[in-house]
Amino acid sequence: MKTCRHQFCNGNSCDETPWQNSEFCILHIDLPEDESSEEFREINEAKNLKVEEKVSKGDFNFEGARLLEVNFSGMKIRDSLDFNHAVIRKDALFERVEIGKHAWFRWAEIGGSALFVRAEIGGSALFGEGKIGGNAWFGGTGIGGNAWFGGTGIGGNAWFRGAKIGGNAWFRGAKIGGNACFEAAKIGRNVWFRMAKIGGNAWFRGAEIGEGAQFEGAKVGGKSEFDLTEKKE
């Protein structure tokens, strides 16, 4: 039986049936450009149904999926959430979501914003080498491991005000169009902004850093406030 041509990062192929005359399954087929067309409506509805089916089974592997938007706000996910290489045309909403392990978004493209306001992630939030057209909003979020945004392009703000990050906040080589806000954030290990470009302000007022902060080669277009405090044992 013919199966989807998409190949996952681990080398395995997708075993889903291709959509109609396509070579890809409904999750991995691209959305038509014309959002007002009947073809777009049909494909998008089928994608939404497939997402609901997977979620109902506790399957949160959406690696390489092509979706209009995602809203998993308030959900409880026992293991990891995988959107590596995914393309989400609009927003990715994960407000107050609880993820037991990692949130994988490496090489993902999000046209709108990635909203993880007051979310709880047991492992790491991995967005390296990805693109976010709007804001990366992690205000008040708890991340047990690292916040990994190395090489990521963020069109709007990287907002981590009041976030708690157990490991590193890694933004080496990231490009942030707006502000980088880490006010009152608690970071267990290091803050890395080497060679990063921040179009707006860089705010670290009242941030608590466990080990060190490195900003060699970073460029900040607006104001910089680095009122950092050492972590108290």
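Look up a bit, the structure's there.
Computed from a predicted structure; not experimentally measured. (Residues numbered from 1 in each chain as written. Predicted model: local features only at pLDDT ≥ 70, side-chain atom pairs only at ≥ 80, totals over all residues. Heavy atoms only, no water.)

(A) The arrangement of the sheet that holds strand β8 (residues 103-104) in detail. Here seven strands make up an open sheet; going across it, the order is β4-β8-β12-β16-β20-β24-β28 and the pairing parallel. Since the sheet does not close on itself, it has two edges, and those belong to β4 (81-82) and β28 (213-214), each with one partner. Judged from the two bridges that link them, strand β24 (residues 191-192) and β28 form a sheet pairing that is parallel. Paired with V191 across the bridge in β28 is A213. (Pairing = 2+ DSSP bridges. Helix = DSSP H or I, 4+ residues; strand = E, 2+ residues; numbered from the N terminus.)

(B) Spatial organisation of helix α1 (residues 38-56). In this model, α1 (19 residues) spans 27 Å end to end at C-alpha, consistent with the 27 Å of a helix rising 1.5 Å per residue. When α1 is considered as a whole, its buried residues turn out to be F40, I43, N44, A46, K47, K50, V51, K54 and V55. The elements touched by buried residues of α1 are β1 (66-67). One or two residues past the end of α1 sits G58, with phi positive at roughly 75°. (Expected span 1.5 Å × (residues − 1). Buried < 20%, exposed > 50% of the residue type's maximum accessible area, 1.4 Å probe, protein only. Contact = heavy atoms within 4.5 Å.)

(C) Inspection of unusual backbone geometry at higher detail. Of note in this structure, H85 is not a glycine but carries a positive phi near 60°. Structurally, the position occupied by H85 is in the loop between β4 and β5 (87-88). Looking at H85, the relative accessible area reads 33%, which means it is partly exposed. Its identity is not glycine, yet E129 carries a phi of approximately 60°, on the positive side. Looking at the element boundaries, E129 is found in the loop between β12 (125-126) and β13 (131-132). Residue E129 is classed as partly exposed on the basis of its relative accessible area, which comes to 37%.

(D) A look at the nonpolar core. Grouped together as the largest cluster of nonpolar side chains are 59 residues, with contacts concentrated most on F83, F116 and F171. Counting residues per element, the ones that place at least two in this core are α1 and β27 (207-209). Not counting the four nearest positions on each side in its chain, F116 is found in contact with F94, V97, I99, F105, I121, F127, W137, F138 and T141. Judged by nonpolar contacts, the second largest core, of eight residues, contains W19, I26, L31 and I43. (Core = buried A, V, L, I, M, F, W, Y, C linked by side-chain atoms within 4.5 Å.)

(E) Summary view of the sheet that holds strand β22 (residues 180-181). Read from one edge to the other, the open sheet built from eight strands follows the order β2-β6-β10-β14-β18-β22-β26-β30, with strand pairing classed as parallel. The outermost strands of the open sheet, each flanked by one partner alone, are β2 (70-71) and β30 (224-225). Bridge count between strand β18 (residues 158-159) and β22: two bridges; the pairing is parallel. Bridge pairing in β22 places A158 opposite A180.

(F) Quick look at the environment of D79. Note that D79 resides in the loop between β3 (76-77) and β4. With 20 residues separating them along the chain, D79 and I99 place their C-alpha atoms 6.5 Å apart. In this view, D79 contacts I99, G100 and K101; residues no more than four positions away in its chain are not counted.

(G) Region of interest: the packing of aromatic side chains. All told, the structure shown has 32 aromatic pairs when counted by the stated rule. Both rings, one in F83 and one in F105, keep their centres 5.2 Å apart while their planes meet at 10°; by these two values the pair is stacked. A residue pair is termed long-range when its members are at least 10 positions apart, and F83 in the loop between β4 and β5 and F105 in the loop between β8 and β9 (109-110) qualify at 22 residues. Of the two residues, F83 and F105, neither departs from the other in class, the shared state being buried. Between the aromatic rings of F149 and F171, the centroid separation amounts to 4.9 Å while the plane-to-plane angle is 0°, which identifies the pairing as stacked. In this pair, F149 sits in the loop between β16 (147-148) and β17 (153-154) while F171 sits in the loop between β20 (169-170) and β21 (175-176), placing the two residues 22 residues apart along the sequence. As far as burial versus exposure is concerned, F149 and F171 are alike and both buried. A cation over an aromatic ring shows up here: K54 above the ring of F62, its NZ or CZ 5.3 Å from the ring centre. Seen from the ring of W107, R106 lies directly overhead, with NZ or CZ sitting 4.5 Å from the centre. (Phe/Tyr/Trp six-rings, centres within 6.5 Å; stacked < 30°, edge-to-face > 60°. Lys NZ or Arg CZ within 6 Å of the ring centre and 35° of its normal.)

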